[in-house]
Amino acid sequence: MSNIAATPAKTLPEHHYLNATYGIRSWLLTVDHKRIALLYLASVTLFFFIGGFFAMMIRLHLLTPSGYLLSADTYNRMFTMHGVAMIFFFLIPSIPAVLGNFFIPLMIGAKDLAFPRINLLSWYVYVVGALFTLYSMISGGLDTGWTFYTPLSTVYSNSAVAPAVIGVFITGFSSILTGLNFLVTIHTMRAPGMTWFRLPLFVWAHYATSIVMILGTPVVAITLALAGMERLFGLGFFNPAMGGDPILFQHLFWFYSHPAVYIMILPAMGVISELIATFARKQLFGYHFVAAASLAIAVIGFLVWAHHMFVTGQSTYAALAFSFLTFLVAIPSAVKVFNWAATLYGGSISFDTPMLYAFGFLGLFLIGGLTGLFLGCLGTDIHIHDTYFVVAHFHYIMVGGAIMGYLGGLHFWWPKMTGRMYPEWLARIAALILFVGFNLTFFPQFLLGYLGMPRRYHVYPPEFQVYNVMSTAGASILAIGYLLPMIYLTWAAFYGKVAGENPWPATGLEWKTPSPPPTENFPVTPVVTWEPYDFHHRPDLGLDPVSTHEIMPAHGDD
Amino acid sequence: MHRTGELYGQFKTLEQQKESASLGMWIFLITEVMFFGGIMLAYALNRHVYFPAFAAGSNTLSLKLGAFNTVVLLASSFTMAMAVWSSQVGKKNLIPIFLLLTITLGFVFFGVKYVEYSQKFEHHLVPGKKFDIFFCVNNPSSCPDVAPDELQEESKLLDEAKAADPDLNSHAQLYYSAYFGMTGLHALHMVIGVGLLLWLLKNSLAGKFTPQWNTPVDIVGLYWHFVDIVWIYLFPLLYLIDRHK
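Right, let's walk through the structure included here. The model shown is predicted, which means the values in this text are computed figures rather than measured ones.

Definitions and cut-offs
Residues numbered from 1 in each chain as written. Chains lettered and ligands numbered in written order. Predicted model: local features only at pLDDT ≥ 70, side-chain atom pairs only at ≥ 80, totals over all residues. Helix = DSSP H or I, 4+ residues; strand = E, 2+ residues; numbered from the N terminus. Buried ≥ 20, exposed ≤ 12 C-beta atoms within 10 Å, placed from the backbone. Contact = placed C-beta atoms within 7 Å. Axes fitted to C-alpha atoms, helices over the stretch in contact; angles between N-to-C directions. Parallel < 35°, antiparallel > 145°, perpendicular 65-115°, else oblique. Left-handed = near helix turned anticlockwise from the far one by under 90°. Nonpolar A, V, L, I, M, F, W, Y, C, P; charged D, E, K, R; others polar.

1. Overview of the overall build of chain A
A count of helices and strands for chain A gives 15 helices and zero strands. Across its three principal axes, chain A shows a C-alpha extent of roughly 75 × 45 × 45 Å. Taken over 558 residues, chain A has a buried fraction of 57%. Summarising the internal contacts of chain A: among those between residues at least 6 apart in sequence, 84% fall at separations of at least 24.

Spelled out as C-alpha cells, the structure:
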C-alpha cells in the first residue's frame, strides 16, 4: 500500500559519494562531509564497544555484594574508563559528528560544510586523542572517575592519568572544530529561500549545540591542561598541600561538563523533532518555541554547573541560586516534550522503527528529566547525591534519551546514507529488546540509589543484591539490543532493499537528493519556497491536498 | 588541493567565502577567550587568597622588560594592521615589508622572554623542588643581575610577606605556576602566530594578495591582534599589580 504514485522498481544512482573514488587514500584524505561522517561512525562505534566492555565488567562484578570478580582498584578503573570512553569518545561526537556532518549541508542546500578540510582535521584530532586515551587504557587505565577530581588525579593516583588527560584534551579540539564549522555553515551557506525559520529543527538543535561546544570545551581544555601540568610538573593550583584548592578544579571542570550533557542531548532532541513530525505526518507543533527552547537550554545550561557540587561546602546562597537555575533549565526541555506530544495529537501515526525510538525517547527522557529535579532540589540531593539514583538519572537521559535519538536517527537516515533500507521487522524487535533491556538495567538503580547504595563502590550491602542482579540481567538484554542494529544495519548497507529518494516520505531538503547522494549533494543549488514539515503543500514530494485524498501514515517501502 | 586565492568548491561566491573565513576566525577567537579565561580565573582567585605571596612574586618580575615587551607587541599589532591595510589598497610591495616587521618584532618579544625565563631559572623561581622565593635575598652573589638596593627592598618586602603568610614559599610557587602557565601559553600562541605570518610572507612575496582577495591577511591579522590583547591583560595582571616601588 502506498500513497505515492506507483514508481518503477528503484535502483541505486550510478554515481554517488560512496563510489565516486576508490581506495583507502580517497577515504583518509577525503574532504566530503558525508565520508567524514562515516569515518566518525566507525570511530564512535569502536568506542561504544570499548565503553560497553567496561560496562559489562562493572555489571558482572556487581552480581555479588562482596565483589569476587575485580579488586577495588580494578573496579575503579572499570567505571572510570566506561565513563571516559562513553562520554568523550562516543556520546559527545555521536550525533553531531555522524548525523550532523552528513546532513547539515544537505538540509540547508549546500555542497559541503564551510570548512571541509577543518572537518577532516577534526576527525584526525579525534583519532590522535583517542590513541592517547587507548594508550592509557592499555597501560592499566585510570581510576579517578571520569571527573578527574583532584588531588587524587593530580597527585595520589597510581594510574595512567597523564595520557588520558592528554587524550581528552586533544579530542576536545575535535569538538571545538566541529562546532565552529557548524556555526559558520549555518550562518553563511544556506541555500536561497532557506531562511532561519525554514530550517529543520535538527539544524537549530545543532546550532545550539555548537554554541555550547564553542563556549564550554575550551574551559575543560584549560582545566585538563592545568591538571595535567600538576600531575607531570608539580604545579599546585588544585593541590591543598601546596595551597591549591580542589574545589577550584571542580568548578572549572563542571563549568564545561554540565553544558557537555546538553551537547549530548540537544542533537538527540533535534533528531526527535524530525522523527515525530515525519511519522505523525504533521507539522511540528510550536516550531518557533522548539527552536527557541534549544537556544534557551544552551544558554541556561551554562548557569547550573554547581548543582554537581551541592555537598562540597559551598555557601547556601550559591546552592540556592544553582538549584533555582537547575529548575529553570528544565523548562525549555519540558516545552519541547509538550510540543512533541502536541504534534502527535491528531497526527497520522505510524510505528516504523525510527518512530519506536522516538516514543522510547519521549518516555525515557521524561523519566530522566523528572528525576533530575529531585537531584536539583537541595534537600533531597543530600540523600541521593553520589548514589545509584544519580547513575540511573543520567543513564535515562544519555542512554534512554541521547542513544535512542542516535539510533532513531541512524535508522531514519540509513536509507539516505546507504541507498538501502534496513529490515523493518527485525529492527522493530531490536528496538523493543533495547527498550526492555534498558529499563531492566536502569530502573532498579533508581531504587538502589533511593535505598542508599553509593555509586563507585565495588561492594554493597547484601540486601541490595536482587536489584543488582536485575540490573545486570537487563544489561545483557541491552547488549543484544545494541548488537542487533550493528549487525543488520551493516548487512543492510550492502544487501538491503533499495530505498529510493524518499522512502518515508519526509519533507526535508535532504530527501530531494538521490539515495545515496552524489558527492556535490545538489547538482543545481535548490531554491526553497516551502515551510518545514509541511505535509500538505509539497507537490514535489507527492504530498498535496489534490493528489492525496486521505493522508496515509508514513512508512518505509513495503 | 586548493590553491590560495581560488574560490573553493563549497562556496558560491568569493564574498561568501570571505564572510565564512572571517566568521570562523572570530568564533575561534571566542574559544581562545574561554581558554585563557580559565587560567586567568584561577590566577585571580589565587591572587585574592594569597595576596602577600603574589605581591612578592610580582615584584620579582622586571618592569622594564615587561613594559618593553608590551611596546614591542603593540608596535607589532600596528605593523600587522599596516600589512592588512596594504593588502586592502593593493600596495602589494608593502605587504611583505610590514609582515617582516611584525615577524621581527615577534622575535624580539621571544628574545626578551628568553632573558626573563632564564633569569627565573637562575634565581630558583621555577616551580619544583628547588623553588625558593628567598634565593636571591639569601644568596646575593648568585644573583648578580639584581642591584643591591633592589635586593634590600625585596628583602624587606619578603620579610613583611612572610610575617603575613608563613607558607610564603609554597604560595609564591603558585604565583610562578600561573606566571609560567599564562606566559607560556601566550608564547606558544605567538609561535603559532609567527608561523602563520611566515606563511603569509611567502604568499605575499608571490603577489597573491589583492584588494579583491586578501582574506588570509585579514584573519591572521585578527589572530595576531588577539594574541596582543592577551598580553595586554597579562602585563598588568602579572607585572603591575601590587608593586611596591
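2. Looking at the interface of chain B and chain A
Opposite the 28 residues of chain B that make contact, chain A presents 33 residues. Going through the elements one at a time, helix H1 (14-49) and helix H7 (168-205) of chain B are the ones with two or more residues in the side of chain B that touches chain A. Among the elements that take part in the side of chain B that touches chain A, H1(B) stands out by supplying 15 residues, more than any other.

3. Overview of the packing of helix H8 (residues 246-279) of chain A against helix H11 (residues 353-376) of chain A
Residue and element names in this part refer to chain A. Closest axis-to-axis distance for the H8/H11 pair is 9 Å, and the angle between their directions is 125°. If you check the angle between H8 and H11, you find them oblique. Seen along the crossing, H8 lies across H11 with a hand that is left-handed. When H8 is examined against H11, the residues Ala268, Ile272, Leu275, Ile276 and Phe279 are found in contact with a partner set consisting of Pro354, Met355, Ala358 and Phe361. Residues belonging to the contact of H8 with H11 are distributed by class as follows: nine nonpolar, no polar and no charged.

4. Looking at the environment of B:Pro140
Tracing the sequence through the fold places B:Pro140 in the loop between helix H5 (135-138) and helix H6 (148-164). Classification of B:Pro140 as partly exposed rests on a count of 14 C-beta atoms within 10 Å.

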